[in-house]
Amino acid sequence: MRVKLSAFVFGVLVLVVLPFVLTDFRTVQLATVGAYFVAIIGLDVLTGHSGQISLGHGAFMAVGAYTTAILMANHGVRDVWTIPIAAGVAGVIGLLAGVPALRLSGLYLALATFGIAVVLPTILKKFDHFTGGSTGITLFGKPEQTGHGVGIWGLTNNQWLYALTWTVGGLVFLIAWWLLDSRFGRSLRAIRDSEIAAVASGVNRAKYKVLAFGVSAAFAGIAGALFAINVAYVAPDTFPIQLSLYLLVGAVVGFFGSIWGAVLGALLIQFLPDIVGLIPHVDTKQAGPTTLFFGLVLVVLMLVLPIVLRAASRLANRSYFGAQ
Amino acid sequence: MTNFIQQIVSGLASGGIYGLLALAIVLIHRSTGVINFAQGEMATLSAFVCWTLMNHGWAFWPAFGATLLLSFAGGVTLQAVVIRPIQSGPLLGIVILTIGLLIAFNGLDTWIWGGAAKQFQGPFSTAPINVGGVAFSKQDLGVIAVAFVAVALIGALFTRTRLGLGLRAAAVNPVESRLVGIRVAAMLALGWGLAAMLGAVAGVMAAPSLFLEPNMMQTVLLYAFAAAVLGGMDSPIGAVIGGLLLGVLLNLVGTYVHWIGGELRLATALAVILGVLLLRPSGLFGRAALRRA
């Protein structure tokens, strides 16, 4: 526990110092990383802890992002106050999605959530009086609704976005940490490891599985709201199926079942294009190479992770018995 | 009335393509219990290989034959290299791995061939034939015929040959199959090879009408899932009939239900998936899975 607390404090310190040593451009990029971080924590609660797979978490992000965009553009709500509303709307939709999900086995849940993510952009385009259709919703030129920190603490606009995103990100992390350490988290892991044993021990399977969907979707909604505030623009093609699949890659990179790895996954989603660009003779202006490497990272991890985990558990056992 | 028949005919033509890809998905699901999310991208890759061969002056049929062989070899290799090591692990691990393959193949296609759509000259003419006001092409008829030939061949393989018996046995009970001398690992690899080959047929048949580009099969994959689920995930003939039904259904709903129109075509397919999974998980032709309590 003490190690984890010091790790958290260290992480907060690093995050506070970073915007003062990095360029403005990198600060913006790290703000987007914050949004991915929150989304991956959400996915980790659902898939890593309750064992329900979602290939469509970008859809919940879209719900949050559109909630924020519509509230800001059409109703003049300040950016900060749209975040809890986005969480609420996405959370309720998540709870509603969790009920039919109870009836689907893992394989078919993967299929259904994949389908939702593929279909979502076409639905956003169809109901254009609400969502702005293909052109989307622009949030530029609304200084009275955003950038509170600019006047108060003398921050640049980008530093403000960074501060907002990571403050919310830190809060989400603490909430997730507390939730997963409590009865809620233990119940989820019990269900994941063996539904029959969990039910036999008195865990309310349906309640916790649906709740996991709600919490996870609420986090994804917050991530979407932060994303919209950062980019100041949402459109159907901001949330393609690729986004959902990259979130899955991020969650796997962050080791499913531990929210601590989420920051690794989020960094990977943002910076893999830059990393791939370092390989000689690879042109990352074209989408192909980056996409290829995203896929390869996932394939290699899925092959290597079982070996790593087995080795890790063997090591852990040895030190345990070695103490005798 | 003419329009009604027209919609059914064109629905059958696109349904043939959905059915072919669904057949590949069903084949892998039947033999390994996994849904291969990369099936569509593997089909696109095969179509690109065929296009490249034809671009180097090959005629269609030799290029098609070579593509089928290469796809078969590719499927077998893929199974042996990336699927077999985690075959005994959790099912979802394998599914997530096929997601990785989906992303990787899409990136590979874009990297090698670029994102621009390419003309693909198929074996059948796309020139419209007009019968009593209903227009269709030899391409449309060809696709439907190919779908039925494919399902007949697969059916014959599974029910009339020793090899098919081995394939089925390995799928149903790998441990006891090994005890009676069936080479289970080879059978599973063979299943992937056959599926890759069927996917190649689907990709090459789709390319003339959809135009060849890296995302060509991305929406087709969802339609194929809907077709496979509708037909029952384990039934080859169900996959093809599910595909044809789905093609017709999507066209009719798109034409006659105005608030759905063409824009919610994908959403309708998703509704089919969700509806069947929640109300009748075994589909039209599948057998309900029995579970020991």
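Refer to the preceding data block for the structure.
Residues numbered from 1 in each chain as written. Chains lettered and ligands numbered in written order. Predicted model: local features only at pLDDT ≥ 70, side-chain atom pairs only at ≥ 80, totals over all residues. Heavy atoms only, no water.

Chemist: Please set out the overall build of chain B residue by residue, giving values where relevant.
Modeler: For chain B, the helix and strand inventory stands at eleven helices and two strands. Secondary structure elements of chain B, listed N to C terminal, follow the sequence α-α-α-α-β-β-α-α-α-α-α-α-α. Taken against the 2.2 N^0.38 rule, which gives 19 Å for 293 residues, the C-alpha radius of gyration of chain B at 19 Å falls within 12% of a compact globule. Over its C-alpha atoms, taken along the principal directions, chain B stretches across nearly 60 × 50 × 35 Å. Accessible area for chain B stands at about 12,400 Å²; split by element, carbon and sulfur atoms hold 68% of it. Taking the average place of the 14 positive charges on the side chains of chain B and the average place of its 7 negative ones, the gap between the two points comes to 16 Å. (Helix = DSSP H or I, 4+ residues; strand = E, 2+ residues; numbered from the N terminus. Rg over C-alpha atoms; globule rule 2.2 N^0.38 Å. Areas by Shrake-Rupley, 256 points an atom, 1.4 Å probe, with all protein chains shown as cover. Lys, Arg positive; Asp, Glu negative; His and termini not counted. Charge placed at Lys NZ, Arg CZ, Asp CG, Glu CD.)

Chemist: Could you give me a rundown of the nonpolar core, with the residues and numbers involved?
Modeler: Within the largest apolar cluster, 202 residues are counted, with the highest numbers of intra-cluster contacts made by A:Phe114 and B:Phe37. Tallying contributions element by element places helix α8 (residues 184-210) of chain B first for this core, with 15 residues. (Core = buried A, V, L, I, M, F, W, Y, C linked by side-chain atoms within 4.5 Å. Buried < 20%, exposed > 50% of the residue type's maximum accessible area, 1.4 Å probe, protein only.)

Chemist: Any details on the interface of chain A and chain B? Residues and values, ideally.
Modeler: Taken together, the contact pairs 42 residues of chain A with 42 residues of chain B. For the pair chain A and chain B, the summed buried area comes to about 3,600 Å², and 84% of that belongs to carbon and sulfur atoms. Ranking the residues of chain A by area buried against chain B places A:Leu107, A:Leu111 and A:Lys126 at the top, with a combined share of 18%. A salt bridge links A:Lys126 to B:Glu263; the shortest N-O distance between them is 3.1 Å. (Contact = heavy atoms within 4.5 Å. Buried area = accessible area lost by both parts, 1.4 Å probe. Salt bridge = Lys/Arg side-chain N within 4 Å of Asp/Glu carboxyl O.)

Chemist: Quick rundown of the pattern of salt bridges? Include the residues and the values.
Modeler: Residue and element names in this part refer to chain A. Tallying each qualifying case throughout the model produces six salt bridges over all chains. For the salt bridge of Arg26 with Asp274, the shortest nitrogen-to-oxygen distance reads 3.5 Å. One end of the pair, Arg26, is in helix α2 (residues 24-49); the other, Asp274, is in helix α13 (residues 262-277), and 248 residues separate them in sequence. You can call Arg26 partly exposed: its relative accessible area is 33%. Using a relative accessible area of 36% as the deciding quantity, one classes Asp274 as partly exposed. If you follow the salt bridges from partner to partner, you end up with Glu195, Arg205 and Lys209 in one network.

Chemist: Requested: an account of the environment of B:Ile260, with residues and values cited.
Modeler: Within the secondary structure, B:Ile260 sits in the loop between α10 (236-256) and α11 (265-279). Counting along the chain gives ten residues from B:Ile260 to B:Leu250, while the straight-line C-alpha distance between them is 9.9 Å. Excluding anything up to four places from it in sequence, B:Ile260 contacts A:Lys126, B:Val253 and B:Thr268.

Chemist: Which residues make up the pairing of strand β2 (residues 134-137) of chain B, and what are the values?
Modeler: Of the pairings in the sheet, the one linking strand β1 (residues 128-131) of chain B to β2(B) comprises four bridges and is antiparallel in character. The residue bridging B:Ile129 from the neighbouring strand is B:Phe136, located in β2(B). (Pairing = 2+ DSSP bridges.)

Chemist: Hey, could you go over the side chain of A:Thr82 for me, with residue numbers and the actual values?
Modeler: Residues and elements named next belong to chain A. Take Thr82: it is sitting in helix α4 (residues 79-101). Here the side chain of Thr82 touches Asp79 through a polar contact of 2.6 Å, landing on its backbone oxygen. With near-sequence residues (within four places) excluded, Thr82 lies in contact with Thr68, Leu71, Met72, Val77 and Ile229. (Polar contact = N/O pair within 3.5 Å; in protein donor to acceptor, adjacent residues only side chain to side chain.)

Just geometry here; none of it tells us what the structure is for.
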